[in-house]
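Notes for the structure review
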Amino acid sequence: MSFRNIAQIAGSAMTAQSVRLNTIASNLANANTAASSEEKAYHARKPVFATVFDRSAATDDQITGASVQVLDVVQSTEPLRKVYEPDNPLANEAGEVFYPNVNSVAEMTDMMSASRAFETNVEVLSRVKSMQQSLLKMGEE
Amino acid sequence: MAIHFDKALGVHTDALKLRGERTKLLASNLANENTPGYQARDIDFAASLSSALHDDSVGGLSLETGSPETLYRVPNHTSQDGNTVELGVEQAAFSQNVSDFQTSLTFINMKLRGLKQAIEG
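To keep things clear, this report deals only with the structure shown in the data block. (Residues numbered from 1 in each chain as written. Chains lettered and ligands numbered in written order. Predicted model: local features only at pLDDT ≥ 70, side-chain atom pairs only at ≥ 80, totals over all residues.)

Let us look at the overall build of chain A. Secondary structure assignment for chain A yields two helices and four strands. N-terminal to C-terminal, the α/β element order of chain A is α-β-β-β-β-α. Taking 2.2 N^0.38 as the reference for a compact globule, 141 residues should give roughly 14 Å; the C-alpha atoms of chain A span a radius of gyration of 22 Å, well beyond that estimate. Overall size of chain A, expressed as C-alpha extent along the three principal axes, is 80 × 30 × 20 Å. By the burial criterion, 26% of the 141 residues in chain A qualify as buried. A separation of at least 24 residues holds for 64% of the contacts in chain A among residues at least 6 apart in sequence. (Helix = DSSP H or I, 4+ residues; strand = E, 2+ residues; numbered from the N terminus. Rg over C-alpha atoms; globule rule 2.2 N^0.38 Å. Buried ≥ 20, exposed ≤ 12 C-beta atoms within 10 Å, placed from the backbone. Contact = placed C-beta atoms within 7 Å.)

A count of helical and extended segments in chain B gives five helices and two strands. In sequence order, chain B lays out its α and β elements as α-α-β-α-α-β-α. Considering chain B as a whole, with its 121 residues, one finds that 32% of them fall into the buried category. Pairs at least 24 apart in sequence give 78% of the contacts found in chain B among residues at least 6 apart.

Residue and element names in this part refer to chain B. Buried residues of helix H3 (residues 45-54): Ser48, Leu49 and Ala52, and no others. Axial view of H3: buried residues confined to an arc of 95°, hence all on one face. The exposed residues of H3 that point more than 90 degrees off its buried face are Ala46 and His54. (Arc of directions from axis to C-beta.)

Their axes nearest at 10 Å, the elements helix H2 (residues 104-136) of chain A and helix H5 (residues 87-120) of chain B cross at an angle of 5°. In terms of their interaxial angle, H2(A) and H5(B) are classed as roughly parallel. On H5(B), the residues touching Thr120(A), Val124(A), Arg127(A), Met131(A), Ser134(A) and Leu135(A) of H2(A) are Gln91(B), Phe94(B), Val98(B), Phe101(B), Gln102(B) and Leu105(B). Counted by class, the contact of H2(A) with H5(B) contains seven nonpolar, four polar and one charged residues. (Axes fitted to C-alpha atoms, helices over the stretch in contact; angles between N-to-C directions. Parallel < 35°, antiparallel > 145°, perpendicular 65-115°, else oblique. Nonpolar A, V, L, I, M, F, W, Y, C, P; charged D, E, K, R; others polar.)

The subject of this paragraph is the nonpolar core. By size, the foremost hydrophobic cluster in this structure holds 26 residues, and its most contacted members are Ile9(A), Ala10(A), Ala13(A), Val124(A), Ala27(B), Leu30(B) and Ala31(B). Counting only elements with at least two residues in this core, the list comes to helix H1 (3-29), strand S2 (66-75) and H2 of chain A together with helix H2 (11-31), H3 and H5 of chain B. The dominant element in this core, judged by the number of residues it contributes, is H2(B), at eight residues. Beyond its immediate chain neighbours, meaning those up to four positions away, Ile9(A) contacts Gly65(A), Ala66(A), Ser67(A), Ala27(B), Ser28(B) and Ala31(B). (Core = buried A, V, L, I, M, F, W, Y, C linked by C-beta atoms within 7 Å.)

Here we come to H2(A). An α-helix turns once every 3.6 residues. As a result, residues three or four positions apart point the same way. Its 33 residues place the ends of H2(A) 48 Å apart at the C-alpha level, agreeing with the 48 Å of an ideal helix rising 1.5 Å per residue. Every buried residue of H2(A) is listed here: Ala114(A), Ala117(A), Thr120(A), Asn121(A), Val124(A), Arg127(A), Val128(A) and Met131(A). Residues of H2(A) that are buried sit in contact with H1 of chain A together with H2 and H5 of chain B. (Expected span 1.5 Å × (residues − 1).)

As structure tokens, this is what we get:
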């Protein structure tokens, strides 16, 4: 039976979704962090997911499972918010400060999506666990 | 008269095995819900099971003589990132599959209980 693989698949998805929640938390926490230049300003981060087909563990007579991998965490290339605040201690010579390109609304919806996906995989794990337990009890009653 | 467990338990062992494999596929679909470009897969349970039964002449199950054919799911709506996993559809399929697994298991348990009764008298 392939229950061990299923646990690994659901686990990889949970890890990926935690990374996603982690970047969302960083983005929201730094949404209003001002900086004196474009380079120093915080850029919104986003993980890139990829599928990994588990061919090594599976032999020819088995279906290959597909787990999730976080390929990279990329920084958003959208333009930063440039604000004229001459009394801000971080302002440059022109009196401007740079705010991150974090879209709070998009981050909030992304957060809901990530936590729902995480819960889905927790549910998969618990259902598989109950299947495995009833399989172990086969022939006992 | 010998008791052959394979014959006594009938189609349900094949069904149970196939349900177990299908769980892995559906779990993969749910895991890759947010992966760009991932295409949801499934098996045609009825076709796989009937091919498993027809292989009885050589004494093997289809899962041992070759993997059941995995097919790609046709999505109700296409998405921009090329991902064809639809959460509701997959959750329903997964839930139904777990129930079917438990059903097959119950049938096997009933058969085993019958065998036990026949042995013990």
